[in-house]
Amino acid sequence: MLKLIRQRFISLLPLLLAVALGSFLLVRLAPGDFLTEMSLNPQVSAETLARLREQYALDQPWYAQFGKWLAGIVRGDFGYSFAYSCPASGLVYERLLNTALLATTGLVLTLSLALPLGLLAANQRGKAIDRALVFLSALGLSTPSFLLALLAVVFAARSGWFPIGGVRSLDSEQLSATGRLADFAHHLILPATVLAIRQFPGFFRQLRAELLEILTQDYVLAARAKGLPERTIFIKHAFRNAINPLITMLGNSIGSLLSGAFIVEAIMSWPGLGSLTVSSLLSRDLFVLVACLIFAALLLALGNLLADVLLALADPRIRQTKRL
Amino acid sequence: MLKAGKAVLIFCGLLALASAGCGKSEDAKRPTGANRLVISKSAGPRTFNRLLASDEQTSSLGDCLMGRLIRINRQTQQPEAELATSWQISADGTALTCELRRGVKFSDGTPFTADDVAFTFQVLNDPAIASPASFDFDGQPIKVEQLDSHKIRFVFPAPQAAAERFLDGVAILPKHSLEPVYREGKFAQAWTLATPPEQIVGLGPFKLKEYVAGQRVVLNRNPHYWKKDSSGNQLPYLDELVFNLDPDRSTQLLKFQQGETDLLSPVNADDVAALASLEQQGKIKITDLGPSLIREIFWFNLNDGKQKNGKPLVDPMKLVWFKDLRFRQAVSHAIDRNAIANLVFSGKASPQWSFLSSGDKLWFNAEVKTYPHDLNRAKSLLAESGFRFKSETELVDAKGNPVTFTLMTNAGNAIRQKISAVIQADLAKLGIRVVLTSLESRAMLSTINDSLNYEAALLAIVSGDADPNSHVNVLSSNGLSHWWHPQQSKPATDWEARIDDLMKRQTSTLDSTERKKLFGEVQTIMAEQQPFIFLASRHLIVAAKFDIQNLKPALLPDFMLWNCEELRR
Amino acid sequence: MNRKLRCGLLLLGLLVACATLADFLSPYDPAEQHREFPFAPLTAIHIGTAESFWRPFVFNGQQYPLRFFVTGAPYRLLGFIPCRTHLFGVQEPARIFLLGSDGLGRDVFSRTLYGARLSLTIAAVALLVSIPLALLIGTLSGFYGGWIDFICMRLMELFLALPALYLIIALRSALPLGLEPEKVFLAMVMVIALFGWANLARIVRGATLGLREREFVQAAIALGASDARIIVRHLLPNLTGLILTQAALAAPSYILAEVSLSYLGLGVPEPLPSWGGMLASVGGVGQLGTYWWNLAPGAAIFMTTLAFYLLAEGLREWSDPARK
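Just so we're clear, the structure is a prediction, and the values are computed from it rather than from any experiment.

(A) Focus on the domain arrangement of chain A. All names here are of chain A. Domains assigned within chain A are domain 1 (2-88) and domain 2 (95-321). With centres defined by C-alpha atoms, the gap from domain 1 to domain 2 works out at 32 Å. Each partner contributes residues to the interface: domain 1 has 28 residues there, and domain 2 has 21 residues. A buried area of about 2,200 Å², summed over both sides, lies between domain 1 and domain 2, and 80% of it is on carbon and sulfur atoms. Area buried by domain 1 at its contact with domain 2 is led by Arg8, Val27 and Phe78, which between them contribute 24% of it. Counting every contact that joins domain 1 to domain 2 gives three residue pairs in polar contact (both at pLDDT 80 or more). For the side of domain 1 that touches domain 2, the elements supplying multiple residues, two or more each, are α1 (2-29) and α3 (62-74). Examining the composition of the side of domain 1 that touches domain 2, we find that 13 residues originate from one element, α1, more than from any other. Considered class by class, the residues forming the side of domain 1 that touches domain 2 number 20 nonpolar, five polar and three charged.

Structure (structure tokens):
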């Protein structure tokens, strides 16, 4: 297991390098650069633009800039943001915590809904409750996230139960520590729920389908024949065996929550990594984009590593072969 | 099941915490009383250094924090005294002398003198800083002469009309706090978003209280602000000004509806209906200021240059059409501007024919050629130019080539998507096939500014100021934003040469009636030639809570907060 | 054939029929702007004119009977038969908007029907590209493990870390400007598909890891069966359920990917109607409640999701007769 983890960390390097290279290419080869927008300003002269371009090294070929950036990375310097004239890594750290908290809460929420409901649906197969759940999961699957987020903020506004977007209340600094935490949790619930609704159908359906398949297997029949209680069969036999694909999906969803949540983040005013990534791509804020994608890749790789470790833990057969 | 159980527990814990939060947040909403104004912004500032960024958010925040020598009164569109108590333009128009206000202090208590102004212009003129707020006049910087501790003179290389207006964009920096940084060559990294708030020192009505990354900027009253109201009360009236960052306009609308924010500007035309009931209840005031300074335009690429690979920028066959005045006029006649105003802007827009919107009240020339929706007129113009109908639905040029072009617009802008669909349908009635394409905005700007290989584009122009000088970039043939044919070394057509001449003359004419006449002729030429086919200017609509007083909403930005020191509730 | 399969086939068949016969079924050209009727609500259909008690009509100042097989805008049936007949219509100046009209006065019903073409194509093409790719790479990497697995997994992580969205933004700017909307659309589908495989491949790999250690696979290996035979005869049949479930989950997500793109304005260009573009143009909360009929494509996406689900479930049961 330790070997696996060590090996993964070594392999991260080429991945991160490839991500960095990819994002450099994305930005530098796309038409326009950070200064393009400034040319709209009637005050900005062509000379000023040229001078700034030189300052930002945008007049150099991309590989020269990439080389310089790599040299900086060795010193832990992720480069400066053009837009905010501050270190890119600082901008990303600010967002990283928000995103990580939102993504984890979303996942916990998803799993705490999908696992019991998946078991329930498989158990009550074909009955009304199963059908209703399948119907709801189809509804969740077919609602675009922007619509879901819009509905959520409308709900927050109409009911008054939740704040309309944001991370903290205006005067949260004056609250006690627990008050602040509660305030934060209060803001977190709605966006996390939106993410959970998007994620739920996948986990739910996979679990349900897998369980149904396993329930017809010989060992389950044997267990039934032995007269084991249905509860034990479900949890000890079926569930343990159904969980493999779910764990892999878990690893994947960490990645997709990081990159795919930007619309939810924008609508619900949640300053996360996703919206920073999109805005830095659109404004061609090169080093911020690279930093964003690198951190996202890191989290993704960690998620996958976690999934693989869990996979090995959940399935002794995989663990024993030492192939991981 | 065990794991799921734990997860449920954690979730329940969170819920409990949150419900505790629910109870608290009610009384936590407004502990500092009502003397605070909250407003949603779609993006945050990029820096607190007003001279280093030119984006809207940074400027409108910067104007609350920083002081200026002269401010343009957004409502009258005329300059008014701020840190300069008076100003004088020399008889030949090459010098502007300002008398500075005495006894003024920065927000940290340090007195303000001419040294600060001189320092500000030293930074502004420094090529190494490359400030987007910097000015030059015909490539030469402004000379600054410090006459005494409270008197300063700006000298221009040539007579300059309305010279005082440029001072509106120059935030005066504190020499005492920024000079050391500047000397070290680290000015570009000073006053970033990460700088501790107390280090940011200004002459504006407010000072920075806190910046919460990606969430909000909170300003509070600057106790040293110099301005007092007519009865001698210290301004500003408000204790706090809060800028909430809400990227999505739906969220902004909802927050305003719920009373979480106090101003909404601008209000989208589609959202006016959603606010109507609140207005009837007397909870908010909606103001329609009429045609704004934003003008939707589309134009054909008239560049006759070549790409790097030797191919012409525009297909020569199409360039012939585009350069044909009657073709452009016919297209202009074919477009149903009322449909654009009604369908795209829910009626909250006015059709437009020439360069200025009527909101530019000091300079607007109403006596220009107009292009009412008239298909027959369009068809006869096309026929005069040798175009003919091959079939009911296909127009061909004199050589039998079908008339078709690609119209490019910026992605993610619902308004432009709709306008382009209207144009497409309107021109289809003339037998012209329009292919629509949308590019993400950087890519589009880089196409119209640099690579220049496109056929037609749809965009908007916005005036930075209500003065002809602010349009030089668009109107002069060597301008960067002379989009139909930018950065010409010498004018390609007679009418462009004439516009160049008129623009030069108005810049050096000190008499405003004469300037108005000259600029009026520019508008006449633009209307006649239709290098830009002007479509409509949307109305500027703003909304505010009923209890906010002294609001003077205006067409120039910041529409609502430009007189933030006077706002009260 | 079981009931689920029948229902799924029926529903999908219906959707495909709507897509292919869209020109005949829709009363108007999807791009036609009825400018006097922006945001018209659903046209009420009354029954019983003066002449006939059963005759349906619409009311627009006076009664306009609903006519069938009317002559209208010309089109090519099935792409090649020139035709002017539409299933139904009313005489002008009355209009029939079964699902209301959008902000430019275009018929939402006609646009939804036409939109099925694009959206179903997206789902089909993306599935056809991503599923085989995912199966190939997933099984190989799960079965062989070792360095093949290592390389494949890192490649997947790279694809997941540089999400398709960013590539599409860059790609759109790189494509020639005058490109026909249809080709732009095709390019986007390919990108969606090319990035869709990575997630699936990981799930396939996870399941393969588990299967490989199962007795029947181990037995086959012990018996000296060739790798290809083991993969094709033993692994793939056992992955069918998983793949079907995942495909049913992926299809709507591909359709929704286009919604997200349209939300950023990078979807299918006008005048081609697509479900994503239509939904994204609903815009903000101001219009959401007032002009709710513009959400009609959402219902269409829901039906598609349900169809894919039923099909997948039905196929699973059908392919495994041991299960009822």
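More follows now that the structure is in view.
(B) The packing of aromatic side chains, seen in detail. Inspection of the entire model under this criterion finds 49 aromatic pairs over all chains. Taking the centre distance of 6.0 Å and the plane angle of 70 degrees together, the rings of Phe37(C) and Phe97(C) count as edge-to-face. Of the two residues, Phe37(C) sits in the loop between α2 (22-25) and β1 (46-47) while Phe97(C) sits in the loop between β5 (81-89) and α3 (108-144), which places them 60 residues apart along the sequence. Residue Phe97(C) is classed as buried on the basis of its relative accessible area of 1%. Connected via pairs of aromatic rings, a cluster forms that spans Phe298(B), Phe300(B), Trp321(B), Phe322(B), Phe327(B), Phe387(B) and Phe405(B). The ring of Tyr237(B) carries Arg568(B) above its face, with NZ or CZ at 4.0 Å from the centroid.

(C) Examining the pattern of salt bridges more closely. All names here are of chain B. Overall, the coordinates contain 49 salt bridges over all chains when judged by the stated rule. Close ionic contact of Glu296 with Arg538 constitutes a salt bridge, the shortest N to O distance being 2.7 Å. A residue pair is termed long-range when its members are at least 10 positions apart, and Glu296 in strand β12 (residues 284-300) and Arg538 in strand β19 (residues 532-545) qualify at 242 residues. The shortest N-O distance in the salt bridge between Glu528 and Lys369 comes to 3.9 Å. Highlighted residues: Glu528 in helix α15 (residues 512-529) and Lys369 in the loop between β13 (349-351) and α10 (375-384), separated in sequence by 159 residues. Take Glu528: its relative accessible area is 31%, and that puts it in the partly exposed class. Residue class for Lys369 comes out partly exposed when judged on its relative accessible area of 32%. Among the charged side chains, a network of salt bridges with common partners joins Arg50, Asp63, Arg68, Arg74 and Asp168.

(D) Summary view of the environment of Ile96(C). Residue and element names in this part refer to chain C. You can see Ile96 is positioned in the loop between β5 and α3. For the pair formed by Ile96 and Ala228, sequence separation is 132 residues and the distance between their alpha carbons is 59 Å. If we skip the residues at most four places from it in the chain, Ile96 touches Pro27, Tyr28, Thr43, Ile45, Val58, Leu66, Phe88, Gly89, Val90 and Asp107.

(E) Layout of the interface of chain B and chain C. The interface of chain B with chain C comprises 34 residues on the first partner and 25 residues on the second. Counting each side, the surface lost to burial between chain B and chain C is near 2,200 Å², with a carbon and sulfur contribution of 58%. At the junction of chain B with chain C, the criterion picks out two salt bridges. Among the elements of the structure, α5 (249-257), α9 (337-344), β16 (404-410), α11 (414-428), β17 (433-439) and α12 (441-451) of chain B are those that each provide at least two residues to the side of chain B that touches chain C.

(F) Structural detail: the interface of chain B and chain A. On the side of chain A, 68 residues touch chain B, which itself brings 66 residues to the contact. Here chain B meets chain A over a buried area of about 5,600 Å², counting both sides, of which 62% is carbon and sulfur. Between chain B and chain A we count one salt bridge in total. Summed over the shared surface of chain B and chain A, the number is 11 residue pairs in polar contact (both at pLDDT 80 or more). Those elements giving two or more residues to the side of chain B that touches chain A turn out to be α1 (2-28), β1 (36-41), β10 (240-245), α5 and α12 of chain B. With 14 residues, the single largest contributor to the side of chain B that touches chain A is α1(B).

(G) Representation of α15(B) in the model. Residue and element names in this part refer to chain B. Its 18 residues give α15 an end-to-end C-alpha distance of 26 Å, which sits within 8% of 26 Å, the value for a rise of 1.5 Å per residue. Listing the buried residues of α15 in full gives Arg515, Leu518, Phe519, Gly520, Val522, Gln523, Ile525, Met526, Ala527 and Gln529. Against α8 (325-334), α13 (472-475), α14 (494-508) and β19 lie the buried residues of α15. At the exit of α15 stands Gln530, carrying a positive phi of roughly 50 degrees.

(H) Region of the structure containing the nonpolar core. Within the largest apolar cluster, 279 residues are counted, with the highest numbers of intra-cluster contacts made by Leu69(B), Phe112(B), Phe154(B), Leu219(B), Leu241(B) and Leu275(B). Considering each element in turn, this core owes the most residues, 17 residues, to helix α6 (residues 181-212) of chain C. Ignoring any residue separated from it by four or fewer positions in sequence, one finds Leu241(B) in contact with Leu37(B), Cys64(B), Phe206(B), Val217(B), Val218(B), Leu219(B), Leu561(B) and Cys564(B). Residues Leu319(B), Phe327(B), Leu427(B) and Met444(B) belong to the second largest nonpolar core, which totals 76 residues.

(I) Quick look at the sheet that holds strand β4 (residues 84-89) of chain B. Residue and element names in this part refer to chain B. Taken together, the four strands give an open sheet; going across it, the order is β4-β5-β7-β6, and neighbouring strands pair in antiparallel fashion. Both edges of this open sheet fall to β4 and β6 (143-148), since each of them pairs with a single strand only. Averaged over all neighbouring strand pairs, the angle between strand axes comes to 20 degrees, with direction disregarded.

(J) Quick peek at a nonpolar patch on the surface. Residues and elements named next belong to chain C. Together, Leu21, Leu78, Phe80 and Ile81 make up a nonpolar patch on the protein surface, roughly 370 Å² of accessible area in all. Here Ile81 shows up in strand β5. For Ile81, a relative accessible area of 35% corresponds to the partly exposed category.

(K) Summary view of α1(A). Taking 1.5 Å of rise per residue, 28 residues should cover 40 Å, and α1(A) covers 41 Å from first to last C-alpha, within 8% of that figure. The principal kink in α1(A), of about 25 degrees, is found at Leu12(A), preceding the proline Pro14(A) by one to four residues.

Reading guide: rules and limits
- Residues numbered from 1 in each chain as written.
- Chains lettered and ligands numbered in written order.
- Predicted model: local features only at pLDDT ≥ 70, side-chain atom pairs only at ≥ 80, totals over all residues.
- Heavy atoms only, no water.
- Domains from an automatic or database assignment.
- Contact = heavy atoms within 4.5 Å.
- Buried area = accessible area lost by both parts, 1.4 Å probe.
- Polar contact = N/O pair within 3.5 Å; in protein donor to acceptor, adjacent residues only side chain to side chain.
- Helix = DSSP H or I, 4+ residues; strand = E, 2+ residues; numbered from the N terminus.
- Nonpolar A, V, L, I, M, F, W, Y, C, P; charged D, E, K, R; others polar.
- Phe/Tyr/Trp six-rings, centres within 6.5 Å; stacked < 30°, edge-to-face > 60°.
- Buried < 20%, exposed > 50% of the residue type's maximum accessible area, 1.4 Å probe, protein only.
- Lys NZ or Arg CZ within 6 Å of the ring centre and 35° of its normal.
- Salt bridge = Lys/Arg side-chain N within 4 Å of Asp/Glu carboxyl O.
- Expected span 1.5 Å × (residues − 1).
- Core = buried A, V, L, I, M, F, W, Y, C linked by side-chain atoms within 4.5 Å.
- Pairing = 2+ DSSP bridges.
- Axes fitted to C-alpha atoms, helices over the stretch in contact; angles between N-to-C directions.
- Patch = residues over 30% accessible without salt bridge, like charges linked within 9 Å, V, L, I, M, F, W, Y side chains within 5 Å.
- Areas by Shrake-Rupley, 256 points an atom, 1.4 Å probe, with all protein chains shown as cover.
- Bend = angle between axes of the 7 residues up to and from the residue.

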